[in-house]
Amino acid sequence: MKPEVKKCGGNGPSSYWMQDPVLLFDALGIRPGEEILDLGCGAGDYTLEAARRTGEGGCVTAVDHWPPTVDGMAAAAGARGLTQVRALKADLLHPPLPVAQNSVDLCMVFTVLHIFDMERFSDRVFRELARVIRPGGRLAVLECKKEEWSFGPPLHMRLSPGEVETFIRGYGFQKTGLKNFGYNYLLSFTLEA
């Protein structure tokens, strides 16, 4: 069965409903007061749930390169009274991100990496993530499984967990988990202290 694609938080389609969001966020283990970075926030559904879980004492920075998406994200957060959300326009392929070094407790990169030519850009991407995530901080990568379906990115763009692990090797990240979410998988890493 094809998951329902919805416009939820801000502008544009979202992959949020491709898996059970409660199970996904439970797996992330977000704690109140954490500093979270949502890279490629898109419609903002993941951002909004992360903000709800981190509470007013935390901060969720939602980053996307497309201005209407960022504006929509800011409006969606404001409409929900989520003052802990910062929506910023930035491009991961043109670092540095407008995020302080060693400031992020959890970085969410959800259904984003397949967009880039990782053979070409993985150094730029993972070097920047290692800069912004604090030692002991977490990186969560959610991607569509490398299987043929009538929805989602084309098969040739999808990344297997092994491919992601190969690209991230050498940047100080230690794999801590791999979870199956039906159409997607979640790879978890910790940045070595």
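Data block above holds the structure.
Keep in mind it's a predicted model, so treat the numbers as computed, not measured. (Residues numbered from 1 in each chain as written. Predicted model: local features only at pLDDT ≥ 70, side-chain atom pairs only at ≥ 80, totals over all residues. Heavy atoms only, no water.)

Here strand S1 (residues 35–39) lies mainly inside the structure; 4 of its 5 residues are buried. Where S1 and strand S2 (residues 59–64) come together, 5 bridges link them in parallel fashion. Within S2, the residue paired with Asp 38 across the bridge is Ala 62. Considered for its hand, the β-α-β crossover made up of S1, helix H2 (residues 45–54) and S2 is right-handed. With 4 bridges joining them, S1 and strand S4 (residues 104–110) adopt parallel strand pairing. Bridge pairing in S4 places Leu 39 opposite Val 109. (Buried < 20%, exposed > 50% of the residue type's maximum accessible area, 1.4 Å probe, protein only. Helix = DSSP H or I, 4+ residues; strand = E, 2+ residues; numbered from the N terminus. Pairing = 2+ DSSP bridges. Right-handed = clockwise from strand over helix to strand, strands pointing away.)

The tally for this structure, following the rule as stated, stands at 5 aromatic pairs. When the ring of Tyr 46 is compared with that of Phe 110, the centres are 4.9 Å apart and the planes differ by 75°; the resulting orientation is edge-to-face. One end of the pair, Tyr 46, is in helix H2; the other, Phe 110, is in strand S4, with 64 residues separating them in the sequence. A relative accessible area of 5% means that Tyr 46 is categorised as buried. Summarising the aromatic geometry, the rings of Trp 149 and Phe 151 are spaced 5.4 Å apart at their centres and angled 10° between planes, so their arrangement reads as stacked. (Phe/Tyr/Trp six-rings, centres within 6.5 Å; stacked < 30°, edge-to-face > 60°.)

We now examine the nonpolar core. Phe 126, Leu 129 and Leu 139 are the most contacted members of the largest nonpolar core, which has 33 residues in total. Listing elements by their share of this core, those giving two or more residues are S1, S4, helix H4 (118–132), strand S5 (133–144), helix H5 (161–168) and strand S7 (184–191). With 6 residues, the single largest contributor to this core is H4. Discounting chain neighbours no more than four positions away, the residues touching Phe 126 are Leu 113, Met 118, Leu 139, Phe 167, Ile 168, Tyr 171 and Phe 173. Of all hydrophobic cores here, the second largest spans 25 residues; its members include Ile 36, Cys 41, Leu 48 and Phe 110. (Core = buried A, V, L, I, M, F, W, Y, C linked by side-chain atoms within 4.5 Å. Contact = heavy atoms within 4.5 Å.)

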